[in-house]
Amino acid sequence: MNSNHLQQIQTFEAYQTTYAKSCENPEAFWSEIAQSFLWKKTWNKVLNWDFKTAEITWFDGAALNITENCIDRHLANDSGKIAMIWEPNNPTEAARKISYGELASEVNLLSNVLTELGVLKGDRVCIYMPMIPEAAFAMLACARIGAIHSVVFAGFSAQALADRIIDAGCVAVLTADGMFRGEKKIELKKIVDEALLQTPSVQKCLVYQHRNFDINMEVGRDFDWCSLTANAATHFNAVSVDSEAPLFVLYTSGSTGKPKGILHTTAGYMVYAAYTFLNVFQYKPGDVFCCTADIGWITGHSYVLYGPLLNGGTTVLFEGIPNYPDAGRFWDLIDKHKVSIFYTAPTAIRSLELYGKAPFEGKNLSSLKVLGSVGEPINEDAWQWYFENVGKMNCPIVDTWWQTETGGIMISPLAGITPLKPAFATLPLPGIQLAIVDDKGNELYGNDVAGNLCIRYPWPGMARSIYGNHERFIQTYFSIYSGMYFTGDGCKRDEDGYIRITGRVDDVINVSGHRIGTGEVEDALNEKGFVVESAVVGYPHHIKGQGIWAFVICEQADIDYETLCNELRQHVSVSIGGFARPDVIQVVKGLPKTRSGKIMRRILRKIAEGETNAFGDITTLLDSSVVEQIIEGAQVFLRQKS
Ligand code: WTA
């Protein structure tokens, strides 16, 4: 049993028949795919589901360990094959290559260390690390011992980190001294020290010395990673877990409230990550796959780590950023490591577009076969630029739509197989049954329709709950349109049946591919003493996709504007992280509210888009003169942008 037996669709006709089969008999379809993995015990029932109670199980009764599928099963024939290539932030530093054999030893060492530190099956472990192989070892070691990893992107502030540790009740934190992102020095251990002042559940902290920064080590709590692994054994028997045992929690933002810990379980996630990786990217043995996402996001989980390793592939971990030391960094990386499949976000593409053709001089890029895009809608210009300049018109672009909650890609072309249409995610993958519904929940059948995107049938990779709050899981995803999973995205299905994602229809915004709840930014702004009230919306931004526009009512009339902006932006950085800082801060006297006191964000969104009249029905507004004042105030910012 190995990845060669996992079904790879080879033609568009095969996609169509496979898709039809997957809808007629989903259980038979997924069960056949699941056969190609290593199980410690097989399942009794492929699927149990109820979208009312949001109780879903896949491969019920089975037992396995995902790391045996990621690592052990490749050892017999491919122990010397490169599993991971690490490309450092600074290109003059040496890259690291880690074979499957070495990966096995590293993960086993760390599994032993975690066990010695007292981490047990089912415990939550927070991982707050740079993009280095040790971060991948950490995730895999958690999975190997049956612990649940909760990776927090190393761009979140101490407060945001503490909130996530507390919510998941993590018993341990794995971190590093620090890192450089481009030229920026980030002292991770200092941030962890600050967070741990608030987190009584954390007993142990393991620290990897990556950059030799001066750090504080608290005796009894903090341990040096390499000293412990140096004395550990290189063998560890993977713990057997139930198919529905939680594999990880990953926090993401929603329309309202605090970030939610999306819970993914073991078997279904494994099958789905592996299947989608193989088929969407048309991965072939020997390919070098590079996804530029950070492992702190779902894309990093499914397609930097699990998807490639489950297929015995070679995955590149890139520590740096697209424009350091210059705007040719991605292209150098592709040539240096002979990358064949390259997967990045539209925001990176748009930012590189600004540099023109110069960064491509002397770059070959002939190793590339497939390009991918993820995280936000890709506009047609960016698509064409990517296709022509990076793919040299030879590489299909897979525009992959999915979410933290879906575990893996849901709507996407299969590379080289599905006929492409720029800016369209095209067609659902096998096993994915879409429904487009209007605001009242009526399904819109046929082509040439636009509405809210829902999924009507379970798929193995779907989230199973929100950590510690199943009720919120039901309310957020399964109660808006009865009997369906609601994605929060809008889409249209064109005359050919192709899907184009039009963006969020809720109060979530997508800034440079980072998902941010407007409510979280408002909460942070409102914490500042001089802010009476605030409302945050997204507006179109030529590079970031969306920018953050904050409307604030201030108590203190005499505070000068620059000080106010600095203080508010600084506070958002402390409370959430630098990436959530508002781009525009507009001081207003009032906010448009309904008579019942609800802020009408729809109007603010339109104003931030530059609209000056067509606001739809505003008769329910308490005081419509407020709108006039806000429009007038917004002009200054709109002029600056154009
Ligand atoms: C958006 C990232 C258009 C969408 C994998 C979704 C996209 C949210 C695309 C999830 C795409 C992701 N085209 N929009 N190809 N991919 N999105 O949870 O709004 O960080 O709901 O997962 O990103 O963001 P998340």
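A brief structural summary. (Residues numbered from 1 in each chain as written. Predicted model: local features only at pLDDT ≥ 70, side-chain atom pairs only at ≥ 80, totals over all residues. Heavy atoms only, no water.)

Once that is clear, we can look at the overall build of the protein chain. Across its full length, the protein chain carries 18 helices and 30 strands. Rg of the C-alpha trace for the protein chain: 24 Å, near the compact-globule value of 26 Å for 642 residues, within the 12% margin. For the protein chain, the spread of C-alpha atoms along the principal axes amounts to about 75 × 60 × 55 Å. Here the protein chain holds 642 residues, and the buried ones make up 62% of them. A total of about 24,100 Å² of accessible surface is found on the protein chain, and carbon and sulfur atoms cover 50% of it. (Helix = DSSP H or I, 4+ residues; strand = E, 2+ residues; numbered from the N terminus. Rg over C-alpha atoms; globule rule 2.2 N^0.38 Å. Buried < 20%, exposed > 50% of the residue type's maximum accessible area, 1.4 Å probe, protein only. Areas by Shrake-Rupley, 256 points an atom, 1.4 Å probe, with all protein chains shown as cover.)

Our next topic: the sheet that holds strand S25 (residues 499–504). Strand order across the open sheet formed by four strands is S21-S22-S24-S25, with antiparallel pairing between neighbours. What marks the edges here is a single partner per strand, and that holds for strand S21 (434–437) and S25. Neighbour to neighbour, the strand axes of the sheet diverge by 45 degrees on average, direction disregarded. One ladder, built from four bridges, connects S21 with strand S22 (residues 449–455); its direction is antiparallel. In the sheet register, Ile436 faces S22, and the bridge partner there is Leu453. (Pairing = 2+ DSSP bridges. Axes fitted to C-alpha atoms, helices over the stretch in contact; angles between N-to-C directions.)

Turning to the site of the ligand, a few remarks are in order. Residues in close proximity to the ligand total 17 residues, the closest being Asp399, Thr400, Thr404, Asp489 and Arg515. Residue Arg504 places a side-chain N or O atom 2.8 Å away from an oxygen atom belonging to the ligand. In the environment of the ligand, an oxygen atom lies 3.4 Å from a nitrogen or oxygen atom belonging to the side chain of Asn510. If the ligand stood free it would expose 530 Å²; the protein chains cover 95% of that surface. For the shell around the ligand, a count of residues per class yields six nonpolar, six polar and five charged. (Near = heavy atom within 4 Å. Polar contact = N/O pair within 3.5 Å; in protein donor to acceptor, adjacent residues only side chain to side chain. Nonpolar A, V, L, I, M, F, W, Y, C, P; charged D, E, K, R; others polar.)

Now for empty space enclosed by the protein. Throughout the structure, instances matching the rule amount to three cavities of 30 Å³ or more. The volume enclosed by the largest cavity comes to roughly 60 Å³. As for the largest cavity, its lining consists of Asn65, Ile66, Ala143, Gly146, Ala147, Val241, Ala245, Pro246, Leu247 and Thr266. Tallied by class, residues from the lining of the largest cavity come to seven nonpolar, three polar and no charged. For the second largest cavity, the full set of lining residues is Val151, Val152, Phe153, Phe156, Arg164, Leu250, Tyr251, Gly296 and Trp297. Tallied by class, the residues present in the lining of the second largest cavity amount to seven nonpolar, one polar and one charged. (1 Å grid on protein atoms, 1.4 Å probe; cavity = no way out; pocket = protein on both sides within 12 Å on 5 of 7 lines; lining within 4 Å. Points joined across faces, edges and corners; volume = space filled by probe spheres on them.)

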